[in-house]
Amino acid sequence: GAGVVGLASALWLQRLNWKVTLLDRQPPGSGTSFGNACTFATYAVEPVATPGIWRKAPGMLLRPDSPLAIRPGYLPRIAPWLWRFLASSREHRVDAISQDLHSLLKPCMGSWQTLFDEAGANDLVRHDGSLYIFEGHERRSAIDMLAYHQRFDVPMRLLEGPELRALEPALNARAALALELPDVSRTLDPYALSLRLLRRFSEQGGEFRQGELQGVQRSTQHSERLTARLSSGESLQAERLVLCTGAWSRSLAQTLGDEIPLDTERGYHVLFDQSGALLKRPVCWAAGGFYMTPMAQGLRVAGTVEFAGLEAAPDPRRYRYLAKAARRFLTLHHEPASQWMGFRPSLPDSKPVLGQSRLLPQVYYNFGHGHVGLTLAAITGQLVAEQASGLAPSVSMQAFLAGRFR
Ligand SMILES: Cc1cc2nc3c(=O)[nH]c(=O)nc-3n(C[C@H](O)[C@H](O)[C@H](O)COP(=O)(O)OP(=O)(O)OC[C@H]3O[C@@H](n4cnc5c(N)ncnc54)[C@H](O)[C@@H]3O)c2cc1C
């Protein structure tokens with residue numbers, strides 16, 4: 001998989017002297033990694049399932065104007081995932097998950113900086129922080145968010161009206177208060193960033209092959225080697241295989257002996273191509289489930305969650321929701337110039353799956369990054385590359401193994 005996770009893994013493997021082939025059925029960077037909200041969310045210790053979620057979610061599902069949706073036909077398929085999701089929302093589980101995520105988030109930008117420097121990508125990155133905005137009646141949510149993140153030493157500051165207006169004059173008075181997160185960085189264009197990583201990969205002798213992985217087995221000639229079978233009938237030989245196939249990883253992991261409850265939280269974006277200068281930094285309205293991010297192509301309004309699996313067509317109501325919700329806070333004179341839907345690879349406990357597969361220890365997993373795949377791509381690529389090279393990973397991978405679902 002040549003999304004941002006596969007690209008970052010490939011570069012870390014090259015740094016550890018591996019000769020690497022990247023395989024993807026689509027052009028590199030054109031999957032979920034293409035259309036995200038562009039933020040390196042270093043603060044994101046809190047999992048998606050939090051203690052009050054079972055009370056909030058049903059109401060959100062019933063509202064037509066809501067950041068959360070389930071296609072009725074998909075409910076039977078997603079029910080076991082939702083059950084595990086609710087089980088993860090218990091207070092002691094949330095605390096443990098936050099600690100685990102914190103262990104990856106703390107070193108994530110150091111790992112990215114190595115790749116930005118080597119790929120010549122610093123011009124695609126800005127370090128102006130981000131804002132979470134709240135309406136007047138949402139003060140409690142702001143205070144709770146502040147208190148939770150302070151426990152993990154996440155730099156965060158509460159701003160009231162005038163101070164907020166000074167930072168982001170385009171926001172209207174509905175944004176009554178905000179939390180400023182000064183340590184958040186963003187990319188001006190996640191797709192351009194993927195292409196920059198790809199360029200570095202190729203310059204170092206890496207090869208990109210377009211093709212679909214169908215399965216992996218031990219090589220019949222060398223027991224230490226692997227044979228990757230492609231749907232074209234071709235095969236590739238390798239000593240190690242890192243599986244970075246995002247939301248499509250479940251069935252491949254199944255063939256490797258691991259039942260992983262991976263599903264997809266589909267997300268959407270709309271782009272206001274003439275409004276990029278309105279905001280100076282990414283602004284998130286948590287209650288609305290989306291970010292408004294100034295980027296190279298304009299203002300990208302990205303987010304929301306829809307459970308509808310990997311096959312169903314996008315729901316146009318989700319685009320309309322995003323455009324309308326952005327207008328709650330900003331005066332936007334034009335209609336969106338483009339729209340997009342993508343597939344977050346999501347586990348019910350909000351943690352990626354890292355480490356060796358059960359049946360073939362030369363196969364390493366690196367998928368399931370959910371809402372924070374851009375943020376965590378470099379560090380998880382680094383860890384998996386270290387492990388695949390027989391080195392002790394810089395961060396313990398114990399909490400992220402596939403075996404946690406057995
Ligand atoms: C609306 C939205 C906003 C987001 N905002 C943010 C954000 O601000 N910050 C953040 O950190 N994260 C964000 N995310 C999440 C982030 O985009 C994802 O977690 C990340 O892109 C996942 O990367 P990936 O490489 O695993 O997946 P992908 O980019 O989907 O790559 C997987 C690749 O695997 C390939 N593949 C699959 N199966 C096969 C096969 N059998 N053979 C060959 N190739 C295969 C696919 O073609 C694809 O190219 C957001 C996501 C969405 C949807």
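The structure displayed is predicted, hence computed values, not measured ones.

*Asks:* Can you help me understand the pattern of salt bridges in this one?
*Replies:* Where side chains of opposite charge bring their charged atoms close, a pairing between them can arise. Under the defined criterion, the tally for this structure stands at 22 salt bridges. Note that glutamate 306 and arginine 71 form a salt bridge whose closest N and O atoms lie 3.1 Å from each other. Here glutamate 306 is found in strand S17 (residues 298–307), whereas its partner arginine 71 is found in the loop between strand S3 (68–70) and helix H3 (75–88), with 235 residues between them in sequence. For glutamate 306, a relative accessible area of 1% gives the class buried. When its relative accessible area of 24% is taken as the criterion, arginine 71 is described as partly exposed. Note that arginine 199 is salt-bridged to glutamate 203, the shortest N-O span being 3.8 Å. Here arginine 199 and its partner glutamate 203 are both found in helix H8 (residues 190–203), four residues apart, which amounts to about one turn of the helix. Salt bridges here are not isolated pairs; linked through shared partners, they connect Arg15, Glu118 and Arg200.

*Asks:* Could you clarify how one ought to interpret the site of the ligand in this entry?
*Replies:* Lining the immediate surroundings of the ligand are 35 residues, of which Asp24, Ser33, Thr39, Gly370 and Thr375 lie closest. For the ligand, whose accessible area on its own is 1,000 Å², the fraction buried by protein is 98%. Elements represented by at least two residues in the shell around the ligand include exactly helix H1 (4–15), strand S14 (263–272), strand S18 (338–346) and helix H11 (373–388). Within the shell around the ligand, the residues separate by chemical class into 13 nonpolar, 18 polar and four charged.

About the criteria used
- Residues numbered from 1 in each chain as written.
- Predicted model: local features only at pLDDT ≥ 70, side-chain atom pairs only at ≥ 80, totals over all residues.
- Heavy atoms only, no water.
- Salt bridge = Lys/Arg side-chain N within 4 Å of Asp/Glu carboxyl O.
- Helix = DSSP H or I, 4+ residues; strand = E, 2+ residues; numbered from the N terminus.
- Buried < 20%, exposed > 50% of the residue type's maximum accessible area, 1.4 Å probe, protein only.
- Near = heavy atom within 4 Å.
- Areas by Shrake-Rupley, 256 points an atom, 1.4 Å probe, with all protein chains shown as cover.
- Nonpolar A, V, L, I, M, F, W, Y, C, P; charged D, E, K, R; others polar.

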